[in-house]
Amino acid sequence: MSSSYSYYNSLAPSISSVRVLVVGAGGIGCELLKNLSKSGFRRVEVIDLDTIDVSNLNRQFLFRQRHVGQPKCAVACEAARAMSPYAGTPPEPEPPHNVGFYVAHHGNVKDNGRFGRGFFQRFDVVLNALDNVDARRHVNRLCISAELPLIEAGTTGYLGQAQVIMPKVTECYECTAKPTQKVYPICTIRSTPSMPVHCIVWAKELYKLMFGDATASMLFEETDKEKSEEVSTFMEPVVAKRLSTGGDAKVEDIVAYTAAALTALYTTEVQKQIDMDRYKTSAKVPVALDVAALMKNAAVDKPAPSSLEGGEKKVWSNEESTKELLTVVHEMYASPPSEIFTGAIEFDKDSDIAMRFVTAASNLRASIFSIDTSSYYTAKGIAGNIIPAIATTNAIVAGQEVLELLKILKEGKDQIKTVC
């Protein structure tokens, strides 16, 4: 018998009975639930407020096309139950805690009415799979209050870490200052932005979608009905109808293309997400823009806000941002760089035209979600300081979390609270 098998076998009783709470069912969460399920953990419950977006399907492997629009935690738990060694004989909840067999809770972990101290005390250990600092701080404080061990994890590009937090024994999540977040989940960028940086990342991807290699943009969606059940609202007006003349595009064609693209992105797509109840758990519901009204005051022959004195230090209004976007699109097609027609153009924070586009596009996006808008100079500082997310880092970190959990269990299930 191998030493690794012997080690696992000695922990089997604890693994099958320990009560685990997982917070988050996204990039790290999917990997974590797979690891827990295949390792034999049975009493697991999951909290997550998000729903599945098309953009999740390329890396959050528990989700499929048919799941788009459904709560992540519900679909992830269903998948975890199916792959569990106990799928045929699921355990019954045991009083007084009644922790179930991969039970989903669709909601915000910061909702103290549902997920307060009493809820957390039903569990023996908490595993974080969150993507924002504010929620991590909240869970950290709840675990300290409930005297529960917390296994915290996060990733930044190719870097990642898993930290065991034992109340009254180790430092907690907030004991050390955290660097500014530079990696953002695609689902947050596409559907649930809450900070200016989320809108700026979105605008950078839109720049790529409109002028560069569209397939490399996180906003890209399949238009082949055989590959995607959901029809995209913006791919045709934004990508399929790109102007492709050699620098002699007519002004009326440029205006029409800009209007159609902005309407699809800022009106039709936003309203579609609202109608799908994507924001029913959100504190604020987004409001689609009236692009037709904004375009009335935008004309190619009017000066762009960025060209006026102090324009680059000013925060542009929606009308000014719309005018700026029209000006950029006109410049791109009236005297375009050669790269635009080969799809090779890339975002460069030192490119004036790219940053004008990103500033204007991000401000329109921010206004939809009641987020503070940014000046050209502020947006430039943020846009140049973002690191792309790496899916494989999530998998490694999730594996490390389960290894840390096994170390805790090695002390014995009944000793967890004592050790803490």
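Numbering of residues starts from 1 in each chain and follows the order in which that chain's sequence is written. A pLDDT threshold of at least 70 governs which residues receive local features in this predicted model, and a stricter bar of 80 or more applies before side-chain atom pairs are shown or counted, although totals over entire chains, interfaces and linings include all residues. In computing side-chain values, all of the structure's heavy atoms are included and hydrogens and water are not.

Regarding the pairing of strand E1 (residues 19-23)
Note the threshold: Note on classification: 1.4 Å probe, protein chains only; a residue is buried when its accessible area is under 20% of the maximum for its type, exposed when over 50%, partly exposed between these limits. Here a strand is any run of E in DSSP of at least two residues, a helix any run of H or I of at least four, and the numbering for each starts at the N terminus. Handedness of a crossover: with both strands directed away from the viewer, a clockwise path from the first strand across the helix to the second marks it as right-handed. Paired strands, as defined in this entry, are two strands with at least two bridges between them according to DSSP.
Across the five residues that make up E1, a large majority, five, are buried. On E1, burial covers both faces: Arg19, Leu21 and Val23 on one face and Val20 and Val22 on the other are all buried. Once you follow E1 into helix H2 (residues 27-39) and on to strand E2 (residues 43-48), the crossover reads as right-handed. Judged from the four bridges that link them, E1 and strand E4 (residues 125-128) form a sheet pairing that is parallel. The residue bridging leucine 21 from the neighbouring strand is valine 126, located in E4.

Structural notes on the nonpolar core
The line we're drawing: Only buried residues count toward a nonpolar core. Its members are Ala, Val, Leu, Ile, Met, Phe, Trp, Tyr and Cys residues joined through side-chain atoms within 4.5 Å. In what follows, residue pairs with any heavy atoms lying within 4.5 Å of each other are defined as contacts.
Within the largest apolar cluster, 60 residues are counted, with the highest numbers of intra-cluster contacts made by Leu206, Tyr266 and Phe357. Sorting the residues of this core by element identifies helix H6 (186-190), helix H7 (196-211), helix H8 (235-240), helix H9 (251-275), helix H10 (291-296), helix H11 (318-334), helix H12 (352-368) and helix H13 (376-383) as the ones contributing at least two each. The leading source of residues in this core is H7, at eleven residues. Filtering out sequence-adjacent residues up to four positions away, phenylalanine 357 remains in contact with Ala203, Leu206, Tyr207, Met210, Phe211, Leu325 and Val328. Leu33, Leu62, Ala76 and Ala80 belong to the second largest nonpolar core, which has 38 residues in total.

Some words on the environment of histidine 138
Spelled out, the test is: Residues adjacent in sequence count toward polar contacts only when both atoms are side-chain atoms; beyond that, a polar contact is any pair of N or O atoms within 3.5 Å, and within protein one must be able to donate a hydrogen and the other to accept it.
Within the secondary structure, histidine 138 sits in helix H5 (residues 133-146). For histidine 138, a relative accessible area of 16% translates into the label buried. Histidine 138 sits 35 residues away from tyrosine 173 along the chain, and the two C-alpha atoms are 9.9 Å apart. Beyond its immediate sequence surroundings of up to four residues, histidine 138 is in contact with Val109, Lys110 and Asn112. Among the polar contacts made by the side chain of histidine 138, one reaches the main-chain carbonyl oxygen of valine 109 at a distance of 3.4 Å.

Comments concerning the pattern of salt bridges
Our working rule: The rule for a salt bridge is simple: a side-chain nitrogen of Lys or Arg has to be within 4 Å of a carboxyl oxygen of Asp or Glu.
Counted according to the given criterion, the structure contains 17 salt bridges. The shortest N-O distance in the salt bridge between lysine 72 and aspartate 50 comes to 3.5 Å. Within this pair, whereas lysine 72 is found in helix H3 (residues 72-83), its partner aspartate 50 is found in the loop between E2 and H3, the two being separated by 22 residues in sequence. Taken individually, lysine 72 and aspartate 50 each receive the classification buried, so the pair is uniform in this respect.

Here we look at the packing of aromatic side chains
For the record, the criterion: Centres within 6.5 Å make a pair out of two Phe, Tyr or Trp rings, where for Trp the six-membered ring is used; the pair is then stacked when the planes are under 30 degrees apart, edge-to-face when over 60, and tilted otherwise. Look at NZ for Lys and CZ for Arg. If either is within 6 Å of the ring centre and within 35 degrees of the ring normal, a charge sits over the ring.
Under the criterion given, the structure shown has 13 aromatic pairs. When the ring of phenylalanine 101 is compared with that of tyrosine 102, the centres are 5.4 Å apart and the planes differ by 75°; the resulting orientation is edge-to-face. The positively charged end of arginine 42 is found above the aromatic ring belonging to tyrosine 86, 4.9 Å away from the centroid.

A few points about H5
Where we set the bar: To estimate how far a helix should reach, multiply one less than its number of residues by 1.5 Å.
Taking 1.5 Å of rise per residue, 14 residues should cover 20 Å, and H5 covers 20 Å from first to last C-alpha, within 8% of that figure. Those residues of H5 not exposed but buried are Val133, Ala135, Arg136, His138, Val139, Asn140, Leu142, Cys143 and Ala146. Each element contacted by the buried residues of H5 is listed here: E1, helix H4 (117-120), E4, strand E5 (150-156) and strand E6 (159-165). Just past H5, the residue glutamate 147 takes up positive phi, approximately 55°.

Coordinates in, geometry out; function isn't part of it.
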